[in-house]
Amino acid sequence: DHEIVNDYAEGEGTDRFKAGAKVWNEFVGGVNPDSNLTGTAFHYTFSIGNAEGFVFDTRTKRDHAQGVIVGREQLDDVIAWLIDTNNRRPNAFKFLVSPVGFSRNANIADGN
């Protein structure tokens, strides 16, 4: 969203999105592991020692119509990742990483 324009919600097909994504990839995303997940996938997974991680993309994969910061495609990816990781490495620590805090009680309208 604000990496392109604050609260950007026009989709991934626009020239504005493509230009913003290109710059983000050059300065930030280039140090992240390649994603093997769906879509343009700024979300990705990693494995370090006895830990597995899933890093959310809470900027470009929001579902504005539903008012959620994790859309269905990414939610499906994290559920599949959790099942797969638990089957492959049941004793590994699992980390869900988000640049935005999740709170059931958050009210964006009043800033709480």
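Refer to the structure above for everything that follows.
**Q** Mind showing me how you'd approach helix α2 (residues 72-88) here?
**A** What sets the pattern is the α-helix's 3.6 residues per turn: residues three or four places apart point alike. Given a rise of 1.5 Å per residue, 17 residues ought to cover 24 Å, and the 24 Å separating the end C-alpha atoms of α2 matches this to within 8%. Taken together, the buried positions of α2 are occupied by Gln74, Asp77, Val78, Trp81 and Thr85. Burial along α2 is one-sided: seen end-on, the buried residues are contained in an arc of 95°. Those residues of α2 that are exposed and aimed more than 90 degrees away from the buried face are Arg72, Ile83 and Asn87. Taken together, the buried residues of α2 touch β1 (44-48), β2 (51-55) and β3 (93-97).

**Q** Where do I start with the pattern of salt bridges in this structure?
**A** Between side chains of opposite charge, a pair can form as their charged atoms come close. Inspection of every chain in the model, using the stated rule, returns four salt bridges. A salt bridge links Asp76 to Arg72; the shortest N-O distance between them is 2.9 Å. Taken as a pair, Asp76 and Arg72 lie in helix α2 at a separation of four residues, close to a single helical turn. With a closest N to O distance of 2.8 Å, Asp84 and Arg88 form a salt bridge.

**Q** Even after reading the chapter, I still don't get the packing of aromatic side chains, so can you show me in this structure?
**A** Any pair of aromatic rings gets described here by the distance separating the centres and the angle formed by the planes. Applying the stated rule across the entire model yields two aromatic pairs. Ring centres of Phe54 and Phe56 lie 5.1 Å apart, and the angle between their planes is 65°; this geometry places the pair in the edge-to-face category. Overall, Phe54 belongs to the buried group, its relative accessible area being 0%. Taking the relative accessible area as the measure of exposure, Phe56 reaches 10% and is therefore buried. On the basis of an interplanar angle of 55° and a centroid distance of 5.8 Å, the ring pair of Phe54 and Trp81 is categorised as tilted. Of the two residues, Phe54 is situated in strand β2 and Trp81 in helix α2; the sequence distance between them amounts to 27 residues. For Trp81, a relative accessible area of 8% translates into the label buried. Aromatic ring contacts, followed pair by pair, group Phe54, Phe56 and Trp81 into a single cluster.

**Q** Looking at this structure, how should I read the pairing of β3?
**A** The side chains of a regular strand alternate, residue by residue, between the two faces of the sheet. Bridging between β2 and β3 involves five bridges; their strand directions are parallel. If you follow Ala51 over to β3, its bridge partner there is Phe93. Between the parallel elements β2 and β3, the chain passes through α2 in a crossover that is right-handed.

**Q** Any chance you could explain helix α1 (residues 15-27) here in plain terms?
**A** Helix length check: α1, at 13 residues, gives a terminal C-alpha distance of 19 Å against a target of 18 Å (1.5 Å per residue), a fit within 8%. Taken together, the buried positions of α1 are Phe17, Gly20 and Ala21. Down the axis of α1, the smallest arc covering the buried residues is 100°, so these residues share one side. Among the exposed residues of α1, those pointing more than 90 degrees away from its buried face are Asp15, Lys22 and Phe27.

About the cut-offs
- Residues numbered from 1 in each chain as written.
- Predicted model: local features only at pLDDT ≥ 70, side-chain atom pairs only at ≥ 80, totals over all residues.
- Heavy atoms only, no water.
- Helix = DSSP H or I, 4+ residues; strand = E, 2+ residues; numbered from the N terminus.
- Expected span 1.5 Å × (residues − 1).
- Buried < 20%, exposed > 50% of the residue type's maximum accessible area, 1.4 Å probe, protein only.
- Arc of directions from axis to C-beta.
- Contact = heavy atoms within 4.5 Å.
- Salt bridge = Lys/Arg side-chain N within 4 Å of Asp/Glu carboxyl O.
- Phe/Tyr/Trp six-rings, centres within 6.5 Å; stacked < 30°, edge-to-face > 60°.
- Pairing = 2+ DSSP bridges.
- Right-handed = clockwise from strand over helix to strand, strands pointing away.

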